Amino acid sequence: MLHWLANSAALSEFVGAKGDEISVMNAMLGVAGLRAVLSLWASNETNDDEDFWQRTLASHAFVLSQVFAYPIVIIEEKAYVGGKRLDNRHGGVADFLGAVSSTGGLLIIEIKTPGCPLLASEYRQDVFPPSDDLSGAVAQVLKYQESLSTELASLAAGSPIPVLTVQPRCMVLMGHAARELTTDAKRRSFERFRERLSGVTVITFDELFGRVAQTESLLTGFPDGVV
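Residues numbered from 1 in each chain as written. Predicted model: local features only at pLDDT ≥ 70, side-chain atom pairs only at ≥ 80, totals over all residues. Heavy atoms only, no water.

## As for the pattern of salt bridges
Note that side chains of opposite charge can pair when their charged atoms are close.
Here is step 1 of the chain: For the structure shown, the criterion picks out 6 salt bridges.
Here is step 2 of the chain: The shortest N-O distance in the salt bridge between Glu207 and Arg194 comes to 2.8 Å. Of this pair, Glu207 sits in helix H8 (residues 205–219) while Arg194 sits in helix H7 (residues 184–194), and the two are 13 residues apart along the sequence. (Salt bridge = Lys/Arg side-chain N within 4 Å of Asp/Glu carboxyl O. Helix = DSSP H or I, 4+ residues; strand = E, 2+ residues; numbered from the N terminus.)

## Let's talk about the packing of aromatic side chains
Here is step 1 of the chain: Within the structure shown, the criterion is met by 6 aromatic pairs.
Here is step 2 of the chain: A centroid spacing of 4.8 Å and a plane angle of 5° characterise the contact between Trp41 and Phe209, whose relative ring orientation is stacked. Of the two residues, Trp41 is situated in helix H3 (residues 19–43) and Phe209 in helix H8; the sequence distance between them amounts to 168 residues. Each member of the pair, Trp41 as well as Phe209, carries the same accessibility label: buried.
Here is step 3 of the chain: Between the aromatic rings of Trp53 and Phe209, the centroid separation amounts to 6.1 Å while the plane-to-plane angle is 55°, which identifies the pairing as tilted. Linking Trp53 in helix H4 (residues 50–59) with Phe209 in helix H8, this pair joins segments that are 156 residues apart in sequence. The pair Trp53 / Phe209 is uniform in exposure class, with both members buried.
Here is step 4 of the chain: By way of ring pairs, the aromatic residues Trp41, Phe52, Trp53, Phe205 and Phe209 are connected into one cluster.
Here is step 5 of the chain: Residue placement shows Arg124 over the ring face of Tyr123; its charged tip is 4.6 Å from the ring centre. (Phe/Tyr/Trp six-rings, centres within 6.5 Å; stacked < 30°, edge-to-face > 60°. Buried < 20%, exposed > 50% of the residue type's maximum accessible area, 1.4 Å probe, protein only. Lys NZ or Arg CZ within 6 Å of the ring centre and 35° of its normal.)

Next comes the structure, spelled out in C-alpha cells:
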C-alpha cells in the first residue's frame, strides 16, 4: 500500500493541493518529537547512568545537531577510532562518531552524565580549575582525534556515507551548568577553560536540552493554537 501511495498520481495532486496543511502537520510531528525529548530530560536531569544517556542520544541523535549550526548525522555508536598496536590493544572507542551531513566532516562525541562535575575545588581566590572528569574527557577525545586522524584513510573506507579525510572535530557532553555554576567566579572559570580549547566543543546537558527547548518554542509560533 505504501509503495502504491508513493507512486500514485493522486497523492501528488493531493500534496500539491494541500501543501500548507501538510507543512503544518510536519511541524506538529516535529514539535511532538521535541516535546517528548524535553519530557525525558525533565524526568532524568539527575540520572547519572552513562549507558542510559548513550542509549537515549542514540535514539534521538537529532538532539546532538542542536550544538552546531549545521545538521549532524550519526555514523556509528561505540565507534572504533584507531590506535591499536601489534598486540591488538590500546584501541580507542568513541561514544559516537558523527559527520556533517553536507560535507562529510567527521565529529567525535564523548558522552558523560549530567552529574559529572565540571570544576574542581577552588585553587586560589575565585579560581576553579576544571575537574578531573572534564580534563580527562577532553584529553580522551583529543587522543581519539589523533588516532582517528592517523588511520582515517583506511577507516573511512568502511563508512556508510562519504567522509572527509581531514582532522575531525571533537565534542564533550557532560555536567549541569545551572546546578553547579552557581557563582560568577565558577561561571568565569568554566568559560575561561572551555572557550580557550582548540578543536573541542564542551557543552553541558542543560545547555544542550535548553537549545532543544528553544527550537520547540520557535516551532510553536503557529496561529490559533495549531500546535
